[in-house]
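# Inside the fold
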Amino acid sequence: MLKKFDKKDEESGGNSNPFQHLEKSAVLQEARVFNETPINPRKCAHILTKILYLINQGEHLGVMEATESFFAMTKLFQSNDPTLRRMCYLTIKEMSSIAEDVIIVTSSLTKDMTGKDDNYRGPAVRALCQITDSTMLQAIERYMKQAIVDKVPSVSSSALVSSLHLLKTSYDVVKRWVNEAQEAASSDNIMVQYHALGLLYHVRKNDRLAVNKMLSKFTRHGLKSPFAYCLMIRIASKLLEEEAGSRDSPLFDFIESCLRNKHEMVVYEAASAIVNLPNCTAKELAPAVSVLQLFCSSPKAALRYAAVRTLNKVAMKHPSAVTACNLDLENLVTDSNRSIATLAITTLLKTGSESSIDRLMKQISSFMSEISDEFKVVVVQAINALCQKYPRKHAVLMNFLFTMLREEGGFEYKRAIVDCIISIIEENSESKETGLSHLCEFIEDCEFTVLATRILHLLGQEGPKTNNPSKYIRFIYNRVVLEHEEVRAGAVSALAKFGAQNEEMLPSILVLLRRCVMDDDNEVRDRATFYLNVLEQKQKALNAGYILNGLTVSIPGLERALHQYTLEPSEKPFDLKSVPLATAPIIEQRAENVPVAVVKQPEKVAATRQEIFQEQLGAIPEFRGLGPLFKSSPEPVALTELETEYVVRCTKHTFVSHMVFQFDCTNTLNDQILENVTVQMEPTEGYEVIGYVPAKTLVYNQPGTCYTLVALSEEDPTAVACTFSCMMKFTVKDCDPNTGETDDEGYEDEYVLEDLEVTVADHIQRVLKPNFGAAWDEVGDEFEKEETFTLSAIKTLEEAVSNIVKFLGMQPCERSDKVPDNKNSHTLYLAGVFRGGHDLLVRSRLVLTDTVTMQVTARSAEELPVDVIMASVG
Amino acid sequence: MGLFDKLAGWLGLKKKEVHVLCLGLDNSGKTTIINKLKPSNAQTQDIVPTIGFSIEKFKTSSLSFTVFDMSGQGKYRDLWEHYYKEGQAIIFVIDSSDKLRMVVAKEELDTLLNHPDIKHRRLPILFFANKMDLRDAVSSVKVSQLLSLENIKDKPWHICASDALKGEGLQEGVDWLQGQMQAMKT
Ligand SMILES: Nc1nc2c(ncn2[C@@H]2O[C@H](COP(=O)(O)OP(=O)(O)O)[C@@H](O)[C@H]2O)c(=O)[nH]1
Ligand SMILES: [Mg+2]
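Just so it is clear, the model here is predicted, and its values are computed rather than measured.

Moving on, we come to the overall build of chain B. Scanning chain B from terminus to terminus reveals 7 helices and 6 strands. Sequence-ordered secondary structure for chain B, helices as α and strands as β, is α-β-α-β-β-α-β-α-α-β-α-β-α. When the 186 residues of chain B are sorted by exposure, 52% land in the buried category. The contacts of chain B with a sequence gap of at least 6 include a subset with a gap of at least 24, amounting to 74%. Accessible surface computed for chain B: about 9300 Å², of which carbon and sulfur atoms make up 54%.

Right, here's the structure in full:
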């Protein structure tokens, strides 16, 4: 049963750990007895245990001392004590990357692995593979092949699993062992069969056809091992997912047939695979849900747990599919296993009717204090889903959340609550004020910096728009007085946002900011000084540009550009427009039933996809003069069917006045090599093809890339949308698939690809303006244009909104992509940056009568972007 | 097992253990020699180049030998020294048909003899001038000249010509070594 983590337990348990106060130097000193003869196996095994304990506690061993102990340990191979020998294997594995010259034990290990004692053989294989690098692998290859087909299951399994590890570094060598692995795959031992199939799969993983063959071969003959079945199910569902769509496939039939397997493990795996398939229909789900329903009344707690946990997930996407199980779930509400009970209740919350909410919530509060944080998060997710389904219930549910927020809990749990409250606030404007004031109360005593800064940010954003903004100031300023620097900096930014939007409050905000200028911390001081200076100008445009809507460029990109500028000083001032934009995360779908806690924080500094492209393209001499990369299309477009001779996918890269089309091509014919591959393009509009960068060779199954460079039309700069017909041209050389021998002579050939569309969205980068109104005023109406259209083919406002967003490729602001229920007019605010670096804002007023009428207003600091929008909409 | 072994085992007597390092260039026949010294049921048929080292045991009438059969390849020779301290005797094997590398063998021997862990100890050293069966093998006298064995003054040493494949000459060497070890004990 799950117990709440208890700090006292850990402390009192301390005495029973004999290794608690180990000292590294003392232990290494002790290790010198390894050099003595005769060997005392018990004592030596104990010392090895200590060394392993230290390493696993994260103690750092220097190379010298580790190597010394390692060599001393090698002498223990004299002893034939089985326990001591096993400890040696463990030590070898742990030290293999710390000590030097660990290959010294190679012969000792090969001797054990081919020796008579079966207890030594498996572990020796594992240790041996751990110390063997790719240069030494050839020397032990013979032994590995033998071990894989060894009659003793533990030896064979060890060899298979070790091969899997070796695959990462020495693919080409391990690949040669598939015949042996194939033999092992028909073993009667369930583990050996499982491990063998695992290895075979990983060797072939990148070859779809081979994986398919393997699946159908093994599933046709049936398998002994339930583990192997589970693996096959996982592979099959992965393939299905990649295939996208068509369930009319033998893969799905296979998974479904596993629902009738005699092993519960396999049945569960199959059910779980089916419910996790994207876009599963009710009919496909039904059999999976009914086996899970059966498991709900199993006497085995693990099965009940697995079933209810999976049903819980299904309930998020397909609540109606789970209603059939409501009776069984009700029975689990009182399960003595609290984890099962929690999951049952939260599942019911998702599937049950509005009227049952109060009862269930009461039931769950009765044991909330007994369950672990992990399950509390599940409860929070269920509440979040409920709020979306029954907006009328949000008062009851919010109260529940506030109580939870006040209680003890770890970071993940608190974050889930805060996320949930925030999303409720965003959905229901009536709940905003109560929500904000509870959050204010929470940050008065909040130990999690991330949450405090997040809430401060929210206060800065939402607070000024409420009826009584001044009441938040006290809470925010308290942070400046009481907290550490990260939170103080967040509080300063929040204060500035109030000052920027509210003239009455400005004088007092200025007073508070002046105090912050004396702060001990650089960041806090810098922010205060900066905001103070901006606010003192009392100019709306400045406030909008520097306080309310922050920088939209990519920060690492800015750093690089500035660095470059300092390296090559020039007369011209630094141009912010030359910096690549931060690619706005696509968050539209979040409002659906995605559980809040699952929305991951973006990685901090990892290079984005676009930065990687920028670097790759920058390395090609032909593209040197194009300037910074403005935008890369978010997903490659397939220009061929999936299962054809050649597979080509295109990514579009937009520069200031050029586009580069990147074609990733794969040759799936093993009897051909393609050389000098280009994709010839023929535009319908004013674009002009300037040149090709060919892929030199395309060998079987190894992707290669070629590029086509085009210039944008100078005569008609508004004609940005265009269709290109594409044709792949290349020289074919035949080759022998077995030997790889290639003919010297080749012949020219070509292959017709599908047409490629360039749309207005390829020229606009989405950018989020947290305060759209301020940005709108900042840009001004100098180049404003407005026109009205009828969208005759569209029947609802939602449809209109999602079509416009998709078509223009701009970022919806102020959550205007959500159309409130029962309204017949709506305004959509879109922000973006047009190729060349100018902000582009679009306001689209939609009115629903029989059809949808749309009034589009576009603003930018330049005329061209506005014209492009008007030309493309009209 | 000989009669004495059986008796000793039965009486719970244990033979004195001796640690021996088996050194020499790669391919000189170290592993083959040690294998031949083991009881016939423990011998392997298939000898492959040693990587690192391997520990082998064999017994004589009065002693129990634990041999560290080291790899002789260039890159592993630097690792021999890790095992010097515990060694109580050395078997040094020379391929008597490999005239080309005789100087290399001499160099390694000199380095060994000058190593601080070896230099001032009276370790017995047994040399096998191995592969005497080969046509272009030189005599054991010639080998000891080429290696300047006469310069070793502070350690007892002995050289035997051997053919490890047939096992010839090995017993003579081991008998000498056993005698030395027993002399030391007293
Ligand atoms: N003709 C001949 N070959 C030998 C003799 N001793 C060893 N060999 C061969 O020499 C090769 C190397 O032997 P090995 O024991 O692995 O040498 P190590 O590297 O010193 O351990 C093997 O092919 C042996 O069969 C010998 O006395 N006569
Ligand atoms: Mg050897």
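All names here are of chain B. Pairing in this open sheet of 6 strands is mixed, and the strands run β2-β3-β1-β4-β5-β6 from one edge to the other. One side of each edge strand has no neighbouring strand; the edge strands of this open sheet are β2 (53–59) and β6 (157–161). For this sheet, the mean angle separating the axes of adjacent strands, direction not counted, is 20°. Sheet topology note: the strand β5 (residues 125–130)/β6 ladder contains 5 bridges and is parallel. The residue of β6 that forms the bridge with Ala129 is Ala161.

This next bit is on a nonpolar patch on the surface. Side chains of Leu551(A), Ile555(A) and Leu576(A) sit close together on the surface and give an oily, nonpolar patch of about 290 Å² of accessible area. Along the chain, the position of Leu576(A) falls in the loop between α33 (555–567) and α34 (609–618).

Further remarks concern the UniProt feature "binding site: Mg(2+)" (unreviewed entry) in chain B. All names here are of chain B. The sites that carry the UniProt feature "binding site: Mg(2+)" (unreviewed entry) are, in the present numbering, Thr31 and Thr50. The greatest C-alpha distance among the residues just named is 7.6 Å, despite their covering 20 residues of sequence, which places them together in space. Mapped onto the elements of the fold, Thr31 is located in helix α2 (residues 30–37). The exposure class of Thr31 is partly exposed, given its relative accessible area of 23%.

As a further point, take the site of ligand 1. Residue and element names in this part refer to chain B. Taken together, 16 residues are adjacent to ligand 1, and Asn27, Lys30, Thr31, Thr32 and Ala164 come closest. Between an oxygen atom of ligand 1 and a main-chain N or O atom of Asn27, the distance comes to 2.8 Å. Here a nitrogen atom of ligand 1 and a side-chain polar atom of Asp133 are 2.9 Å apart. The fraction of the free accessible surface of ligand 1 (580 Å²) that becomes covered by protein chains is 80%.

Moving on, we come to the coordination of the magnesium ion (ligand 2). With distances of 2.0 to 2.1 Å, the protein atoms coordinating the magnesium ion (ligand 2) are Thr31(B) (OG1) and Thr50(B) (OG1). Here Thr31(B) is found in helix α2, whereas its partner Thr50(B) is found in the loop between α2 and β2, with 19 residues between them in sequence.

Our next topic: the packing of aromatic side chains. Tallied over the full model, the rule gives 22 aromatic pairs over all chains. Pairing Phe530(A) with Tyr546(A) gives two aromatic rings, centres 6.3 Å apart and planes at 85°, and the pair type is edge-to-face. Of this pair, Phe530(A) sits in helix α31 (residues 522–537) while Tyr546(A) sits in helix α32 (residues 540–548), and the two are 16 residues apart along the sequence. Taking the relative accessible area as the measure of exposure, Phe530(A) reaches 38% and is therefore partly exposed. Here the aromatic cluster, defined as three or more aromatic residues joined through ring pairs, consists of Phe70(A), Phe71(A), Phe53(B), Phe68(B) and Tyr83(B).

On the side of chain B, 21 residues touch chain A, which itself brings 19 residues to the contact. Both sides of the chain A and chain B interface together cover about 1700 Å² of buried area, and 58% of this is carbon and sulfur. Joining chain A to chain B, the criterion identifies 3 salt bridges. A salt bridge links Lys111(A) to Glu56(B); the nearest nitrogen and oxygen atoms lie 3.3 Å apart. Counting across the interface, chain A meets chain B through 10 residue pairs in polar contact (both at pLDDT 80 or more). Looking at the side of chain A that touches chain B, the elements that each hand over two or more residues are α4 (63–74), α6 (106–113) and α8 (137–148) of chain A. The leading source of residues in the side of chain A that touches chain B is α6(A), at 4 residues. When its residues are assigned to classes, the side of chain A that touches chain B shows 7 nonpolar, 7 polar and 5 charged.

The next subject is the side chain of Arg488(A). All names here are of chain A. Relative to the helices and strands, Arg488 is located in helix α29 (residues 485–501). Here Asp519 takes part through its side chain, which lies 2.8 Å from a polar atom of the side chain of Arg488. The contact partners of Arg488, leaving out residues within four places of it in the chain, are Arg479, Val480, Glu483, Asp519, Asp521 and Val524.

Further remarks concern a negative patch on the surface. Together, Asp671(A), Asp734(A), Asp743(A), Asp744(A) and Glu745(A) give the surface a local cluster of negative charge. Tracing the backbone shows Glu745(A) in the loop between β9 (722–734) and β10 (747–752).

In this section: the pairing of strand β1 (residues 16–23) of chain B. Residues and elements named next belong to chain B. Counting buried positions over the 8 residues of β1 gives 6, a clear majority of the element. Relative to strand β3 (residues 63–70), β1 is paired through 7 bridges, and the arrangement is parallel. Bridged to Val20 within β3 is Val67. Note that β1 and strand β4 (residues 89–95) share 4 bridges and pair parallel. Bridge pairing in β4 links Cys22 to Ile91.

Calculation rules
- Residues numbered from 1 in each chain as written.
- Chains lettered and ligands numbered in written order.
- Predicted model: local features only at pLDDT ≥ 70, side-chain atom pairs only at ≥ 80, totals over all residues.
- Heavy atoms only, no water.
- Helix = DSSP H or I, 4+ residues; strand = E, 2+ residues; numbered from the N terminus.
- Buried < 20%, exposed > 50% of the residue type's maximum accessible area, 1.4 Å probe, protein only.
- Contact = heavy atoms within 4.5 Å.
- Areas by Shrake-Rupley, 256 points an atom, 1.4 Å probe, with all protein chains shown as cover.
- Pairing = 2+ DSSP bridges.
- Axes fitted to C-alpha atoms, helices over the stretch in contact; angles between N-to-C directions.
- Patch = residues over 30% accessible without salt bridge, like charges linked within 9 Å, V, L, I, M, F, W, Y side chains within 5 Å.
- Salt bridge = Lys/Arg side-chain N within 4 Å of Asp/Glu carboxyl O.
- UniProt positions renumbered as here; feature names shortened; annotations may be inferred.
- Near = heavy atom within 4 Å.
- Polar contact = N/O pair within 3.5 Å; in protein donor to acceptor, adjacent residues only side chain to side chain.
- Donors = N, O, S within 2.8 Å, 3.2 Å for Na, K, Ca; no water.
- Phe/Tyr/Trp six-rings, centres within 6.5 Å; stacked < 30°, edge-to-face > 60°.
- Buried area = accessible area lost by both parts, 1.4 Å probe.
- Nonpolar A, V, L, I, M, F, W, Y, C, P; charged D, E, K, R; others polar.
- Lys, Arg positive; Asp, Glu negative; His and termini not counted.
- Charge placed at Lys NZ, Arg CZ, Asp CG, Glu CD.

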